[in-house]
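# An overview of the molecular structure
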Amino acid sequence: MKIGPSAYQFEGVYLADTATVVGPREGQGPLSSCFDKIYEDLRLDEKSFEKAEIAMQKDVLDILFKKTSELESNIDLIFAGDLINQVVITNYSLREYDIPFCGLYGACSTSVLSLIMAGILVDGQKAKKVMTLTSSHNSASERQFRNPTEYGGAKGPTATFTVTGACASLVVSKKTKIKIARATIGKVVDVEFKDQFDMGRAMAPAACETILNHMKEFNLTPDYYDLIVTGDLSFYGAEIVQKILNEKFGITKNYSDCGLMIYDRDNQEVFAGGSGCACCGVVTYGHIKKELEKGNLKRVLVCATGALMNADMTLQKESIPSICHAVALEVEE
């Protein structure tokens, strides 16, 4: 049910299960035990990085089907997308599944955007079982947005490192332990920031706006949640969000960023931290979901950010418009 300009309160919307797969560097990070599958190399024995990403999506869907014991014929719809032009990774992977498909592009916010869309359908009783799917691949994304890694271009400390991984979820109307409680759909925010090697600071204003709107429209304060996470602002963008939360609500100690959680920045060469469609998705569907199931967390607000530019626009000296979508996951008492 829509209760405000961008706010949705859900009833009877639950997370049945999730699946995650990640690349070798993510598998060496602090959250390695939370993922369903870790690949030993970036190519997955495929001929290109794009084909490797297609294989990741198929793997993660197959894992989710096994974990839930669902049949393709029981799935009403799948919301899915990726970072590559025309969401081509998703289009190619889903040609092998007999499931109605709605393609989404929210850049790195796609994991939460798809979860919200699934929640709206199930809450409105237009569907009972909806899947979500997204992915990113470091080498495919570098080729898409900047230069191939083989080019050897130097990067500064503000650059983020695209996560290699894929994640999927099943949203249902039947009660489970984790409910999808509420959501805030973001607006496009553009503060005329133009540095494509500092995506964290480019997206931070959108994250701040969505979090503040969420608190206002639901009449909440940050301490309602055990944890508030942004998607992939990493070090420099998260620094801005932390400052704003402290200014608006006092010292806020329950905030973190998925781009900082997935890697060990002191011992892994990942610059400012993680980014990409899979960054927020694998941390949420892997680590955070497990913490909710264990009871270590009861209420989590996941705020996935996305930079809505492409390489052509940055070459034309355009700015980087951004967006952030937020969804609340809570343990059903």
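Since the structure is predicted, the reported quantities are computational estimates derived from the model, not experimental observations. (Residues numbered from 1 in each chain as written. Predicted model: local features only at pLDDT ≥ 70, side-chain atom pairs only at ≥ 80, totals over all residues. Heavy atoms only, no water.)

### Focus: the pairing of strand β14 (residues 322-331)
Filter applied, for reference: The buried label applies to any residue whose accessible area, calculated with a 1.4 Å probe on protein chains only, is under 20% of its type's maximum; exposed applies above 50%, and partly exposed to all values in between. Starting at the N terminus, helices and strands are each numbered in turn, a helix being any DSSP run of H or I of at least four residues and a strand any DSSP run of E of at least two. Pairing between two strands requires that DSSP report at least two bridges joining them.
For β14, the tally of buried residues reaches 10 of 10 residues, placing the bulk of the element in the interior. With burial as the criterion, each face of β14 is covered, one bearing Ser 322, Cys 324, Ala 326, Ala 328 and Glu 330 and the other bearing Ile 323, His 325, Val 327, Leu 329 and Val 331. Here 6 bridges tie strand β9 (residues 178-184) to β14, and the two strands are oriented antiparallel to one another. Across the sheet, the residue bridging to Lys 179 is Glu 330, located in β14. One ladder, built from 9 bridges, connects strand β13 (residues 299-307) with β14; its direction is antiparallel. Counted as the bridge partner of Gly 306 is Ile 323 from β14.

### So, helix α7 (residues 234-249)
Our working definition: Each residue after the first adds 1.5 Å to the expected span of a helix. The contact criterion used throughout is that any non-hydrogen atoms of two residues lie within 4.5 Å.
Its 16 residues give α7 an end-to-end C-alpha distance of 22 Å, which sits within 8% of 22 Å, the value for a rise of 1.5 Å per residue. Those residues of α7 that fall on the buried side of the exposure criterion are Ser 234, Tyr 236, Gly 237, Ala 238, Val 241 and Leu 245. For α7, the elements touching its buried residues are α6 (199-217), β11 (255-257), α8 (258-261) and β12 (274-275). Of the residues trailing α7, Gly 250 is marked for its positive phi of about 85°.

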